[in-house]
Amino acid sequence: MNTAAATAGDAPGQVPGAGIGTGTGTGVVPPQRAAEPDGPAADGGPQGPRDRLRRTAHRLHERTAPLRVPRLDPYWTAGFFFLAYAVLACWHFRTLSTSSWDLGIFEQAIRGYAHFGAPIVDLKGPGTNILGDHFSPVLILLAPLYRLFPSSLTLLIAQAALFALSVLPVTRAAARSLGRVTGLAIGVAYGLSWGMQKAVDFDFHEIAFALPLIAFALEAVLRGRWTAVVCWAAPLVLVKEDLGVTAATIGALALIRTRRASPLAIGLVAFGLSATAITLGVLIPGFNGSGSYDYWSKFGAEGGGAAIPLVTAVRTTLWVLLPTTGLLALRSPLLLVALPTLGWRFLSHEPHYWGIDWHYNAVLMPVVFLALIDALPRVRVSTHPWLRSYAHHLPAAVLATALALTTTLPLARLTEAATYRTPPAAVAAAEKLLERIPDGATVESDIRPLSRLTGRTRVFWTGDTGGLSPDYVAVQLHDDRTPRQALAEAMARHPRSTYVLLGAAGDLVVFHRTSAR
């Protein structure tokens, strides 16, 4: 052992000569503490909590960085709109705010599929197979989900998901062509577009499947992925009988973009047109009891009387193109895909197809927005300075317009506190009254009670029971009608039966059949 070194204080932690002859010191030097990076905050100074909060925020920012990469922007945007659409749908369901009988029609069809049966829709007439009215076998995809959650709310949430899914390809295509910020602006404007909001607000419809199929197909057109174009567009023939022509138009668009006779594109054109002809001429008449396609009567002058006024057609077309794309969609061949939908309207002369209400314009929204995305890069390098400037400022203007219009559109309800409160007592009373109708009963009903009845009873439309006297009659009172008047009308429709008042809740009354003569 080196005793000289030990007595000289060379041992670690000692100072030479420290503690010798003092009688008190140990000779051990306390280890020095490293300086805290926060300075005064380490001693509990006034800036300590603020600095700790800053460090926490910094760590959170670093850990969430993978979630904020540009490639995830379309998914977050789609997720946001799914939440918004779903909240609006839940509000409609919770408050018994059904807009039409369509929700009940589609629930009856999907309920039939879910129980491995035919899509019988008694609301369209006793024993009516919906495939003889509109050809939408794609609805069978919702049958497993409905079997697990048998409620009309299931249809509304599924529609919200399908609409939101179409936001993904629109936002992704915009970001790819125009940059991250511009892509987000166009994606949000699409999700807020009036056509989308009106469709979300108007119950459930089969066209919910058409929006993502059209959006993904046109995104694939922009990327030149022609196999994907065919795979996305071909299933449109299963959504509705008229969309086969839209699929064929997408095939024609592929021929225009490639400028060559692509077998895939030609096959899509032939498939779409053939499927439409077979559906209208063979399939629908085969499922229809009359052996024909009922909607032929809507075509020509007999379908809607006089031709649609030119000013009405122009006004609706401007609504489709101006606030959504500033008319720049006219500079893209993708707009050809909108022609079949507009063409059916002109041929039918049906006034309900025009205007900005209902759900009819929803399928046009992905077309016009993707046409805008296609046109903007070319217009931004135009030889005309004013056109270049217009193209550069248009995405922000489109987003601002969508936000401004939203103040008067259905999604504005999400900013109202009443949307998130418990429904009024009258709604709860109406639900309890409808719950008194037993499962499996036959019910004659009008619009409002449908969302609580079509999932568990056999429901007929008021006045269209085919001679059957239903067990119950559910009526919403309109135009100052009294329960006594509603009862008299029910007895007049079913003179061989006797009905008594089961109960009333607000403007809703239910009658129960007590005897049959």
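Given the structure is predicted, the values throughout are model-derived calculations rather than measurements.

Procedures and definitions
- Residues numbered from 1 in each chain as written.
- Predicted model: local features only at pLDDT ≥ 70, side-chain atom pairs only at ≥ 80, totals over all residues.
- Heavy atoms only, no water.
- Salt bridge = Lys/Arg side-chain N within 4 Å of Asp/Glu carboxyl O.
- Helix = DSSP H or I, 4+ residues; strand = E, 2+ residues; numbered from the N terminus.
- Buried < 20%, exposed > 50% of the residue type's maximum accessible area, 1.4 Å probe, protein only.
- Axes fitted to C-alpha atoms, helices over the stretch in contact; angles between N-to-C directions.
- Parallel < 35°, antiparallel > 145°, perpendicular 65-115°, else oblique.
- Contact = heavy atoms within 4.5 Å.
- Nonpolar A, V, L, I, M, F, W, Y, C, P; charged D, E, K, R; others polar.
- 1 Å grid on protein atoms, 1.4 Å probe; cavity = no way out; pocket = protein on both sides within 12 Å on 5 of 7 lines; lining within 4 Å.
- Points joined across faces, edges and corners; volume = space filled by probe spheres on them.

Draft legend 1. Representation of the pattern of salt bridges in the model. Within this structure, the stated rule accounts for 16 salt bridges. We note a salt bridge from Lys-198 to Asp-357, for which the minimum N-O separation is 3.4 Å. With Lys-198 in helix 8 (residues 194-201) and Asp-357 in the loop between helix 15 (339-348) and helix 16 (364-379), this residue pair connects regions lying 159 residues apart in the sequence. Given the relative accessible area of 43%, Asp-357 is considered partly exposed. One continuous salt-bridge network, built from bridges that share partners, spans Arg-172, Arg-176 and Glu-219.

Draft legend 2. Here's a closer look at the packing of helix 6 (residues 152-178) against helix 8. Interaxial distance between helix 6 and helix 8 falls to 10 Å at its minimum, and their mutual angle equals 170°. On the basis of their axis angle, the class for helix 6 and helix 8 is roughly antiparallel. Contacts between helix 6 and helix 8 involve Gln-159, Phe-163 and Ser-166 from the former and Met-196, Ala-199 and Val-200 from the latter. A class-by-class count of the residues in the contact of helix 6 with helix 8 yields 4 nonpolar, 2 polar and no charged.

Draft legend 3. A look at the layout of surface pockets. Approximately 900 Å³ is the volume found for the largest pocket. Around the largest pocket, the lining is made up of 34 residues, and of these His-134, Lys-240, Tyr-295, Tyr-353 and Tyr-360 lie nearest the centre. Secondary-structure elements contributing two or more residues to the lining of the largest pocket are helix 4 (102-114) and helix 15. With 4 residues, the top contributor of residues to the lining of the largest pocket is helix 15.

Draft legend 4. Inspection of the environment of Asp-507 at higher detail. Assignment of secondary structure puts Asp-507 in the loop between strand 4 (497-505) and strand 5 (508-516). With relative accessibility at 27%, the residue Asp-507 sits in the partly exposed group. Put simply, Asp-507 and Thr-482 are 25 residues apart on the chain and 9.1 Å apart in space, counted from C-alpha to C-alpha. Once residues lying within four places of it in the same chain are set aside, the contact partners of Asp-507 are Arg-448, Val-475, Gln-476 and Leu-477.

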